[in-house]
Amino acid sequence: MPSSAAIAVAALLASSLPSASAFTAPLSNTRGRWVSSASGNSRLSSYNDNNNNYNGYGGTNNDMRNGDMNSNPINNNSNNNNFNTNFYSNNEEYNGNGGGNGDENDLLSQATLNLRELATCASLLYGYLSKPSSAVTAQDVVLACDAIDEVSSTYFDGWNSLFNNDGVALRRRCHELGRYQLLVKLMEQDYDAYVATAAFLSPSRIDRKDLPNVQDVPFVPSSSDDPLSYDNNYNYNNNYNKNNPQYDQYGQPLVADCALPPLPFDDSPLDKLLLFLFRRLVAQNTGGVQNDIPGIQGLVAQAKTFMLQPYQTAEAQHLMVKQTLGGLMTPVLPPVYRLFMSGIVGDAQYGPLPYAPFLTSVVTPPFFGFLVGPSRPNRRRDGKRGGLVVEKCKFLQESGCKGLCLHQCKTPAEEFFRETLGMSLTVRPNFETQECQWSFGEEPIPVEQDPSFPRGCLVGCESRQMLAGQRTDALCM
């Protein structure tokens, strides 16, 4: 049930809250830490009818809100219930060294407020999770953004950490999770409405990485005053590309190069090992095409050499990549995947099993980075789990070639998953940002029928320049 899930999540997050939340009571600052102040009769109250002292230090008619003492001396008389950080008005110690039953009452008050905040957050989560997809609108997403902004602006002390006394981090996380669920439900109901909503709110109010799917959401850089920043480089390059369209020798429009500057990639030991094995398999399946160039640049050089061979075809490139992927998985993994993921028993297929697309998207990133760089699970365009987004494709960035992307990555990967593993797969590259959406369990559209796949070569493609005067299906379509 959603309600059980919401309560479980909130309970897990709130279990480490050390003290009361400030959502149900005013705040006071004692020795630099926030403590909750109950309404009037609590022993933790730091203000009375005659003064508005908020920082835990006495002082008649002082409005001390910043935690700093005024020049007025501490006034601790019978008409004043103020306390300093060491003593109450009745001289009981507040610092834990004495005070009779005061400490027990304080702990009980804090525990009560913590439970109250926990119940409030569980109720918030339930409200988000239980809302039917058919009832979700763009206005609901905007209201969730407003709730997040209100929490962040009202309570400023340590909201970005779960371990704080005011509980702000917990409530903020509830609203963020709820907003994500609203976007998913909107995507399930009306994908075009989701794209319009995400485009309107990102990045000003929702970070692009917090969107459940980005494949059709236009990239808009965040504002920055740094002229050398990543985002301003995008603005300059993107405006130049739009204002200066280019054409090939046949008069066909060319696809603008990526408007974002290259990113450095830090390969892990696993990445280096997998790349070494992959390059050896490429050499075997291309008849000995290899070189001494290290890293991903060497693999790109192998791929280009094979693509530019005389009488090369797209089908031959697809076959080479599928053989290489099969060799990398070894003869053991494909049968296991077909049985436990795709539900293939003998000649009959009973899947893919419900968990297979999501589990594939979770397991893939660590073994995928050597070729495409960092990636993370997300949602498919139908809102279901099983998506994976490549943040900036390493292979596409280093090759700058749409033909290599199409014939040595996208198409053979889709064919390999369908033919060898029994799982449908859609690969959607974004040449403007070099992001790439992988959707496991989603039937791909033939590239010649896919309106999202641009026609023509990239402006800066070196392979196109090498084959000037030739028209071949081994390159881009």
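Nothing here was measured: the structure is a model prediction, and the numbers come from that model. (Residues numbered from 1 in each chain as written. Predicted model: local features only at pLDDT ≥ 70, side-chain atom pairs only at ≥ 80, totals over all residues. Heavy atoms only, no water.)

**Student:** Explain the nonpolar core here, please?
**Tutor:** If you look at soluble globular proteins, the nonpolar side chains tend to sit buried side by side. Among the nonpolar cores identified, the biggest contains 45 residues, and Leu299, Val390, Phe395, Phe417, Leu425, Phe431 and Trp438 are the most heavily contacted of them. The element best represented in this core is helix H14 (residues 402–421), accounting for eight residues. Those residues in contact with phenylalanine 417, other than ones at most four positions away along the chain, are Tyr337, Thr360, Gly422, Met423, Leu425 and Phe440. If you look at the next biggest cluster of nonpolar residues, it comprises 19 residues, including Cys145, Leu182, Leu186 and Leu211. (Core = buried A, V, L, I, M, F, W, Y, C linked by side-chain atoms within 4.5 Å. Buried < 20%, exposed > 50% of the residue type's maximum accessible area, 1.4 Å probe, protein only. Helix = DSSP H or I, 4+ residues; strand = E, 2+ residues; numbered from the N terminus. Contact = heavy atoms within 4.5 Å.)

**Student:** Teacher, can you tell me more about the side chain of glutamine 434 here?
**Tutor:** Considering the arrangement of structural elements, one finds glutamine 434 in the loop between strand E7 (425–430) and strand E8 (435–440). By relative accessible area, which is 9% here, glutamine 434 ends up buried. Polar contacts involving the side chain of glutamine 434 include one to the side chain of lysine 392, which spans 2.6 Å. If sequence neighbours within four positions are ignored, glutamine 434 has contacts with Cys258, Val390, Glu391, Lys392, Cys393, Leu396 and Gln397. (Polar contact = N/O pair within 3.5 Å; in protein donor to acceptor, adjacent residues only side chain to side chain.)

**Student:** How do you make sense of the pattern of salt bridges when you look at a structure like this?
**Tutor:** Opposite charge on two side chains permits them to pair, given that their charged atoms come into close proximity. The full count for this structure, using the stated rule, is 16 salt bridges. With a closest N to O distance of 2.7 Å, arginine 205 and aspartate 146 form a salt bridge. Here the residue arginine 205 occupies a position in the loop between helix H5 (191–201) and helix H6 (230–243), and aspartate 146 occupies one in helix H3 (residues 138–154), the gap between them amounting to 59 residues. On the accessibility criterion, arginine 205 (30% relative accessible area) is partly exposed. Here glutamate 391 and arginine 376 are joined by a salt bridge, their closest N and O atoms 3.4 Å apart. In this pair, glutamate 391 sits in the loop between strand E6 (385–390) and helix H13 (394–399) while arginine 376 sits in strand E5 (residues 375–379), placing the two residues 15 residues apart along the sequence. (Salt bridge = Lys/Arg side-chain N within 4 Å of Asp/Glu carboxyl O.)

**Student:** Which parts of the structure should I look at to understand the sheet that holds E6?
**Tutor:** By definition, the strands of a sheet pair up through backbone hydrogen bonds, in either a parallel or an antiparallel sense. The strand order E5-E6-E8-E7 describes an open sheet built from four strands, whose pairing is antiparallel. In this open sheet, the two strands that pair with only one neighbour each are E5 and E7. Strand-to-strand twist in this sheet, taken as the mean axis angle between neighbours without regard to direction, amounts to 25 degrees. The pairing of E7 with E8 spans six bridges and is antiparallel. (Pairing = 2+ DSSP bridges. Axes fitted to C-alpha atoms, helices over the stretch in contact; angles between N-to-C directions.)

**Student:** Explain the packing of helix H7 (residues 269–285) against helix H8 (residues 295–307) to me, please; I cannot follow it from the model alone.
**Tutor:** Axes are the key here: two packed helices are described by the angle between their axes and the distance separating the axes. With their axes 11 Å apart at the nearest point, H7 and H8 run at an angle of 15 degrees to one another. Classified by the angle between their axes, H7 and H8 sit roughly parallel to one another. As H7 runs across H8, the sense of the crossing is left-handed. Residue-level inspection shows Leu275, Phe278, Arg279, Val282 and Ala283 of H7 in contact with H8, the latter providing Gly295, Ile296, Gly298, Leu299 and Gln302. Taken together, the residues that form the contact of H7 with H8 break down as six nonpolar, three polar and one charged. (Parallel < 35°, antiparallel > 145°, perpendicular 65-115°, else oblique. Left-handed = near helix turned anticlockwise from the far one by under 90°. Nonpolar A, V, L, I, M, F, W, Y, C, P; charged D, E, K, R; others polar.)

**Student:** When you look at the side chain of threonine 433 in this model, what are you seeing that I'm missing?
**Tutor:** Looking at the secondary structure, you find threonine 433 in the loop between E7 and E8. Relative accessible area serves as the criterion here: at 2%, threonine 433 is assigned to the buried category. A polar side-chain atom of threonine 433 sits 3.1 Å from a polar atom in the side chain of glutamate 435. Excluding anything up to four places from it in sequence, threonine 433 contacts Phe219, Cys258, Leu260 and Lys392.

**Student:** Which parts of the structure should I look at to understand the pairing of E5?
**Tutor:** A regular strand places its side chains on the two faces of the sheet in alternate fashion. For E5 and E6, the ladder comprises five bridges, and the chain directions are antiparallel. The partner of serine 375 across the bridge, within E6, is valine 390. Where E5 folds back onto E6 in an antiparallel hairpin, the turn is made up of five residues, including glycine 383, whose phi is positive at roughly 90 degrees.

**Student:** I'm lost on helix H9 (residues 314–329) in this one. Help?
**Tutor:** For an α-helix, 3.6 residues make a turn, and residues three or four places apart therefore share a direction. The first and last C-alpha atoms of H9 sit 23 Å apart over 16 residues, in line with the 22 Å expected at 1.5 Å per residue. Those residues of H9 lying buried are Ala314, Gln317, His318, Met320, Val321, Lys322 and Thr324. Buried-residue contacts for H9 involve H7, H8 and H14. Looking one or two places after H9, you find threonine 330, whose phi comes out positive at around 65 degrees. (Expected span 1.5 Å × (residues − 1).)

**Student:** I would appreciate a short explanation of H7 in the present structure.
**Tutor:** If you check H7, its first and last C-alpha atoms are 25 Å apart, about what 17 residues at 1.5 Å a residue would give, namely 24 Å. Regarding H7, the residues found buried are Asp271, Leu274, Leu275, Phe278, Arg279, Leu281, Val282 and Ala283. Taken together, the buried residues of H7 touch H8, H9 and helix H12 (369–372). The first or second residue beyond H7 is glycine 287, which carries a positive phi of 75 degrees.

**Student:** Explain the packing of aromatic side chains here, please?
**Tutor:** Aromatic ring pairs are described here by two measures, namely the spacing of the ring centres and the angle between the planes. A full pass over the atoms with the stated rule returns seven aromatic pairs. Every member of this aromatic cluster is reached through a ring pair, and the members are Tyr337, Phe416, Phe417 and Phe440. The positively charged end of arginine 385 is found above the aromatic ring belonging to phenylalanine 358, 5.3 Å away from the centroid. (Phe/Tyr/Trp six-rings, centres within 6.5 Å; stacked < 30°, edge-to-face > 60°. Lys NZ or Arg CZ within 6 Å of the ring centre and 35° of its normal.)

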